[in-house]
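Chain by chain, the residues run as shown.
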Amino acid sequence: MDPQTIIAKRIAQELADGMLVNLGIGIPTLVANHVPPGMRIFFQSENGLIGTGPIPQEGLAQARLTDAGGKPVSAIPGASTFDSAMSFGLIRGGHVDMTVLGGLQVDAHGRLANWMIPGKMVPGMGGAMDLVTGARRVVVAMQHSAKGKPKIVRSCTLPLTSARAVDLVVTELAVIAFANGRATLVETAPGVEVEQVLAQTEAELAVPTHVRQMRL
Amino acid sequence: MAVPHDRYRTREFARYGNWWRVAGMLTTTLESAVAQISDGAILMIGGFMGVGTPERIVDELIRQRKRDLTVIANDTALPGVGIGKLVTAKAVRKVVASHVGLNPETQQKMLAGEMDVELVPQGTLIERIRAAGHGLGGVLTPTGVGTVVEEGKRKLEVAGREYLLETALFADFALVQAFLADYLGNLTYALTARNFNPVIAMAARTVIVDAEHVVPVGMISPDHVQTPAPLVDYLITRT
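Here the residue numbering is sequential within each chain, running from 1 through the sequence in written order. To read the labels, note that chains go from A and ligands from 1, taken in the order they are written. Only residues with pLDDT of at least 70 get local features here, since the model is predicted, and only at 80 or more are side-chain atom pairs given and counted; chain-wide, interface and lining totals rely on the full set of residues.

**Q** Pulling in residues and values, what's your account of the sheet that holds strand 7 (residues 112-113) of chain A?
**A** Residue and element names in this part refer to chain A. Reading across the sheet, the three strands line up as 7-6-11 and stay open at both edges, with mixed pairing between neighbours. Of all the strands in the sheet, just strand 7 and strand 11 (152-153) have a single pairing partner and so form its edges. Direction of pairing for strand 6 (residues 105-107) relative to strand 7: antiparallel, over a ladder of two bridges. The residue bridging Q105 from the neighbouring strand is A113, located in strand 7. A pair of strands is considered paired only if DSSP assigns at least 2 bridges between the two. Each helix is a run of H or I in the DSSP string that is no shorter than four residues. Each strand is a run of E no shorter than two, and both are numbered from the N terminus.

Listed below in C-alpha cells is the structure:
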C-alpha cells in the first residue's frame, strides 16, 4: 500500500455517521474515497457547499459547482450552498466536527505549520487558520518526513497556522495523538517498529507500554 | 392565478416602475458602468478561483486600462481567469486576499515587490467585509491568535478566551456576479458562485452587478432573493 493510501484509510476510521467534515487539498482529499459503506458524512467545501460528491464524469461538470481549488465537483442529493460568511461561521463556530489538513511541520505540543515557507512559498493561509482554530477535531495527514528530514519537530521553524494543538497526526508510519499537550505514539503502521518511528521523529514521543498496530 | 403578459403595461407597472426609480438603481452599459471606476479605486470583486467573478467587468477594466487598483477578494484565481487577468494586465497595485497560491504570477510580483499582497485568513477576510456592510467597526476572532497574523493588532480577552480585533473593510466599488437579477436589482446567486458576492454587495459605496440572466420584476420569489434590490446601484444590461 502506498503511503498516501495508508494515511487516508487510517484517517477514514476517525469518521462517524452524520459528521460534518472539511477536507484540505492533497492527501486529505483522498479520505473521501475510504468512507465506510453505509456511513453518511457531510463533506464541506469552504467555498460554500455542504454535500460534495465525487468528481463529475466528463461532460457533466457544472461551471458554477466547484471545490475550494476551483475544480468541478458534484453535489449529492441533500446538499446545500451558502456564502463565505456562513461557510466560515460553520468553521469558526465549532459546527464542523472534523477537519483533515496537510502539514509541513507539527511541534511537540501539536502545533501545526502548514501555510508558508518564508521567501519560497507564500500561497496564503486560505481557510487553514480558521479550520485549525474552529473545527472540533483537527487531524493532520502528512508524510512522516520530507527529504529525510523529520516533520514532527521539537518546535516549528515555519510560521504557525494556529496556537491551538491538533488532535491527531497520521503518517504512513504512525498515529500520534496530542492529548494533554504531549506527543504520544498511539499506533504504528503494519511492519513498522517503534524504534523506526522514534528515529524519524525529532519531537520527543511518549511511548506507552503497548503500541497498537494500525488496522487497514 | 396566471399572471397576464401585459402586467407590466398596467397600473402595476406604473407603481413598481416608479418605485424602481426611487430605489435609485440604473441599468447601464458595461462601458459606462466601468467608466465610473477611477485609477487607484478600491474594488471588492466576487468569486472563488474565478467562479462567481464578473468576467465581463474584469475584461472591461482591462480594456479601459485602469491602473493602481486595490483589489479585495478571496484569491487572484489563475493567470487568464478572473482577477488573474487584472494581475497580468498590471492593473493592480495591491491585493487583499486569503490565498494567492494558485496564481504564480501574483506570487512572483509579490516576492519581487511589484505588487503589495496582504494575506488575511479567509474567515477573517469575509468577516471584515461583513462588518463593514453591517455597520460594525470590526469583529473579534480567535483566528490568528499566536501566529504572525496577530502582529500589530489589538488582543482582547473575553470570557477567558483571547481574540484579535479585526477592523471593518470597505471599498469604493463592489463588482458582483449574480445568477438572476430583476430590473429592480433583486439578486440570486448560483451554487458555489455565491461565495463573496452577497457580502461585498453590502460593503461598498457603489455596487455594480452583472447577472447571467435579467428577468422581469416579480419573477424571483421574495424568499429566494439573496441580495435585496436597494443595495444595487447599477445593473449591466445584456445585449
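From this point, the narrative continues.
**Q** Explain the confidence of the model for chain B residue by residue, including any values.
**A** All names here are of chain B. When pLDDT is averaged along chain B, the result is 91, and 89% of the positions lie at 70 or above. Here pLDDT means the predictor's own confidence in every residue, given as a number from 0 to 100. Two residues qualify as being in contact provided that their C-beta atoms, derived from the backbone, are within 7 Å of each other. Across residues 1-23, where pLDDT falls below 50, the model places eleven contacts with residues more than four positions away in sequence or in other chains. ipTM for the predicted complex: 0.95, alongside a pTM of 0.93.

**Q** Account for helix 3 (residues 84-92) of chain A, with residues named and values stated.
**A** Buried residues are those with 20 or more other C-beta atoms within 10 Å of their own C-beta, exposed residues have 12 or fewer, and partly exposed residues lie in between; C-beta atoms are placed from the backbone. A large share of helix 3 of chain A lies buried, amounting to seven of its nine residues. Among all positions of helix 3 of chain A, only S84(A), A85(A), S87(A), F88(A), L90(A), I91(A) and R92(A) are buried. At its buried positions, helix 3 of chain A is contacted by strand 1 (20-23), strand 2 (42-45) and helix 4 (128-134) of chain A together with helix 6 (122-133), strand 6 (138-141) and helix 7 (197-200) of chain B.

**Q** Which residues make up the packing of helix 3 of chain A against helix 6 of chain B, and what values go with them?
**A** All axes here are fitted lines through C-alpha atoms, helices being fitted over the stretch that makes contact, and every angle between N-to-C directions spans 0 to 180 degrees. Contact geometry for helix 3 of chain A and helix 6 of chain B: axes closest at 9 Å, N-to-C directions at 130 degrees. Taken as axis vectors, helix 3 of chain A and helix 6 of chain B run oblique relative to one another. When you trace helix 3 of chain A past helix 6 of chain B, the crossing you get is left-handed. Across the interface between the two elements, S84(A), A85(A), F88(A), I91(A) and R92(A) of helix 3 of chain A pack against Q122(B), G123(B), I126(B), E127(B) and R130(B) of helix 6 of chain B. Looking at the contact of helix 3 of chain A with helix 6 of chain B residue by residue, the classes come out as four nonpolar, three polar and three charged. These descriptions rest on fixed angle ranges, namely under 35 degrees for roughly parallel, over 145 for roughly antiparallel, 65 to 115 for roughly perpendicular, and the rest for oblique. Two helices cross in a left-handed way if the nearer one is turned anticlockwise from the farther one by less than a right angle. They cross in a right-handed way if the turn is clockwise. Nonpolar residues are Ala, Val, Leu, Ile, Met, Phe, Trp, Tyr, Cys and Pro. Charged residues are Asp, Glu, Lys and Arg, and all others, Gly as well, are polar.

**Q** Pulling in residues and values, what's your account of the sheet that holds strand 8 (residues 161-167) of chain B?
**A** All names here are of chain B. Strand order in this open sheet of three strands is 6-8-7, and the pairing throughout is antiparallel. Across the chains shown, the open sheet's two edge strands, defined by having one partner strand only, are strand 6 and strand 7 (155-158). Neighbour-to-neighbour, the strand axes of this sheet turn through a mean angle of 35 degrees, independent of strand direction. When strand 6 meets strand 8, the two strands line up antiparallel, connected through four bridges. Note on strand 8: the bridge partner recorded for L140 is L165. Relative to strand 6, helix 6 is tilted by about 145 degrees, and along the sheet it contacts strand 6 and strand 8.

**Q** Give a detailed account of the interface of chain B and chain A, specifying residues and quantitative values.
**A** On the chain A side, the residues contacting the 37 residues of chain B number 31 residues. For the side of chain B that touches chain A, the secondary-structure elements that each account for two or more residues are helix 5 (104-111), helix 6 and helix 7 of chain B. For the side of chain B that touches chain A, the leading source of residues is helix 6 of chain B, giving five residues. Broken down by class, the residue content of the side of chain B that touches chain A amounts to 19 nonpolar, 15 polar and three charged.

**Q** Please give an account of the pairing of strand 9 (residues 171-182) of chain B that cites residues and values.
**A** The side chains of a regular strand alternate between the sheet's two faces. Residues and elements named next belong to chain B. Counting buried positions over the twelve residues of strand 9 gives nine, a clear majority of the element. For strand 2 (residues 42-45) and strand 9, the ladder comprises three bridges, and the chain directions are parallel. Residue pairing for strand 9: I45 is matched across the bridge by L175. As paired strands, strand 9 and strand 11 (residues 204-215) are joined by ten bridges and run parallel to one another. Counterpart to L175 in the pairing with strand 11 is I208.

**Q** Could you give an account of the nonpolar core, with specific residues and numbers?
**A** Residue and element names in this part refer to chain B. Defined on buried residues, the nonpolar core groups Ala, Val, Leu, Ile, Met, Phe, Trp, Tyr and Cys residues joined through C-beta atoms within 7 Å. Of all hydrophobic cores here, the largest spans 122 residues; its most connected members are M44, A174 and V209. The element contributing the most residues to this core is strand 9, with seven residues. Non-local contacts of A174, meaning those with residues more than four positions away in its chain, are made with M44, I200, A201, A203, A204 and V207.

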